[in-house]
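Spelled out, the chains give:
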Amino acid sequence: MNNENKTIDWKIILLIVLAVVIVGGFIMINRFNAEKHSLENKISNLTAEINSLRGNISSIYDNVDDRMKKEASLLTGVEYSFGEIDTEKHTVPLLISIIPKTITDDMTATVRVGDKTVEFVKNGNVFTAEISVGIFLEYGEHPILNITTDGGIKTEYIEDIDIGNLYLECLPCLYSGLHGSTRMSSGFLKIEGQLYVDCKPSYYGQDVTVSKVELVTEVNGKDIDRLDIPDEIDAGTIDYRLNKSYRVSNGDELMMYTVAVDSHGYVHKTLIEHWYNSDGPIAEYSYGEEEIYDKNGNLLSSN
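Residues numbered from 1 in each chain as written. Predicted model: local features only at pLDDT ≥ 70, side-chain atom pairs only at ≥ 80, totals over all residues. Heavy atoms only, no water.

It is not clear to me how the overall build of the chain should be interpreted in this structure. Could you clarify?
A count of helical and extended segments in the chain gives two helices and 17 strands. Within the chain, the fraction of its 303 residues that count as buried is 31%. Taking the intrachain contacts of the chain between residues at least 6 apart in sequence as the baseline, contacts between residues at least 24 apart amount to 57%. Total accessible area on the chain stands at roughly 19600 Å², and carbon and sulfur atoms take up 52% of it. (Helix = DSSP H or I, 4+ residues; strand = E, 2+ residues; numbered from the N terminus. Buried < 20%, exposed > 50% of the residue type's maximum accessible area, 1.4 Å probe, protein only. Contact = heavy atoms within 4.5 Å. Areas by Shrake-Rupley, 256 points an atom, 1.4 Å probe, with all protein chains shown as cover.)

In this structure, what is going on with the layout of surface pockets? I would like to understand it.
Take a probe with the size of a water molecule and roll it over the atoms, and the empty space left behind shows itself. When its volume is computed, the second largest pocket comes out at roughly 190 Å³. What lines the second largest pocket is a set of 13 residues, among which L74, T102, M107, I147 and K154 lie closest to the centre. Grouping the amino acids of the lining of the second largest pocket by side-chain chemistry returns five nonpolar, six polar and two charged. (1 Å grid on protein atoms, 1.4 Å probe; cavity = no way out; pocket = protein on both sides within 12 Å on 5 of 7 lines; lining within 4 Å. Points joined across faces, edges and corners; volume = space filled by probe spheres on them. Nonpolar A, V, L, I, M, F, W, Y, C, P; charged D, E, K, R; others polar.)

Is there a simple way to think about the sheet that holds strand β11 (residues 210-219) in this case?
The strands that make up a sheet are held in pairs by hydrogen bonds between backbone atoms, and each pair lies either parallel or antiparallel. The strand order across the open sheet formed by six strands is β12-β11-β14-β15-β16-β17, and the pairing between neighbours is antiparallel. Each edge of the open sheet is held by one strand with a lone partner, namely β12 (222-228) and β17 (299-302). Taken over all neighbouring pairs, the strand axes of this sheet differ in orientation by 25° on average, direction set aside. In terms of strand pairing, strand β15 (residues 267-276) meets strand β16 (residues 291-293) through three bridges, oriented antiparallel. (Pairing = 2+ DSSP bridges. Axes fitted to C-alpha atoms, helices over the stretch in contact; angles between N-to-C directions.)

It is not clear to me how a nonpolar patch on the surface should be interpreted in this structure. Could you clarify?
Taken together, the side chains of L15, L18, I22, F26 and I29 make up a nonpolar region of the molecular surface, amounting to roughly 510 Å² of accessible area. Mapped onto the elements of the fold, I22 is located in helix α1 (residues 10-72). According to the relative accessible area criterion, I22 is partly exposed, its value standing at 42%. (Patch = residues over 30% accessible without salt bridge, like charges linked within 9 Å, V, L, I, M, F, W, Y side chains within 5 Å. Salt bridge = Lys/Arg side-chain N within 4 Å of Asp/Glu carboxyl O.)

Could you clarify how one ought to interpret the nonpolar core in this entry?
If you look at soluble globular proteins, the nonpolar side chains tend to sit buried side by side. Counting 30 residues, the largest nonpolar core has L94, F120, I135, L145, I163 and L166 as the members making the most contacts within it. Taken together, the elements giving at least two residues each to this core come down to β1 (75-82), β2 (91-100), β3 (108-113), β6 (126-134), β7 (144-149) and α2 (167-170). Each residue touching F120, except ones within four places of it in the same chain, is listed here: I96, I98, A109, T110, V111, F127, T128, A129 and L145. Among the nonpolar cores identified, the runner-up in size contains 22 residues, and L178, V213, Y240 and L254 belong to it. (Core = buried A, V, L, I, M, F, W, Y, C linked by side-chain atoms within 4.5 Å.)

Help me understand the packing of aromatic side chains, please; the structure alone is not making it clear to me.
We describe a pair of aromatic rings using the distance from one ring centre to the other and the angle between the two ring planes. As enumerated under the stated definition, the model contains three aromatic pairs in all. An aromatic cluster is defined as three or more aromatic residues linked by ring pairs; in this entry it consists of F136, Y167 and Y266. One Lys or Arg, K269, reaches over the ring of Y257 and ends 4.1 Å from the middle of that ring. (Phe/Tyr/Trp six-rings, centres within 6.5 Å; stacked < 30°, edge-to-face > 60°. Lys NZ or Arg CZ within 6 Å of the ring centre and 35° of its normal.)

Would you mind showing me how to read unusual backbone geometry here?
Most peptide bonds adopt trans geometry, and most residues besides glycine take a negative phi value. Within the chain, H90 stands out as a residue other than glycine whose phi angle is a positive 60°. When you line up the elements, H90 lands in the loop between β1 and β2. You can call H90 buried: its relative accessible area is 14%. Within the chain, N220 stands out as a residue other than glycine whose phi angle is a positive 55°. Here N220 lies in the loop between β11 and β12. On the accessibility criterion, N220 (46% relative accessible area) is partly exposed.

Here it is in structure tokens:
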């Protein structure tokens, strides 16, 4: 019997083992990715449930807070409205009607805004009063109610009436921007771009509109250029192509504003370009917020 010498091809065996390892690795990676995605979905769902729970808790707190305020309030009802602007005093009349929870024959009530106090007029269960309110009061201001009886004086803020920043409701709002570029060459600052002006109408009294828009350029605080924007105001929006050059020197500061005048005579001013050159031709944009002036140039609001 002849013994045949059999040789083992280790290369094939190694390739088979390597293939098994690779397939096993892919299977493990796919399983790991599936478990990862499953865990991520669980975390996402848990996060959504937590956020929903937080929202529900916040809503419960808000409802409890509202109920506590209503229970603690001296009033069962409040109604109010605003009248026309007094452009000399920068005020609007506020007409208030209240219904106190408890009414007695000796009861009197007053409302106070700032240093002005007005007494309510009683008509059955309803008390009414009219008081002038400044349209440029700070945000979060409320009228103060005082109710006087034989038992003493009770006071509370009428939180249903927010009288802060009423100009946002009574006057148009000016939004403006310049989308383009600035370039310094031979002592001249060249400004090119598209000027965008948006004049939002007032909430109270839609007849208050913007009647005039100008582009005003200042160097070191002095007017050097005033340009009437010729385009008609279409639904409160102006789109205007700008191409201007100004001579400036090292250390100069150039400010460019959009200035609009509304039909009440208030001047709305928004910074759209700020350029300052100290150590070379460096230009940068700095968009400002709306400022409001009266017809005599007095600053009334800056926000």
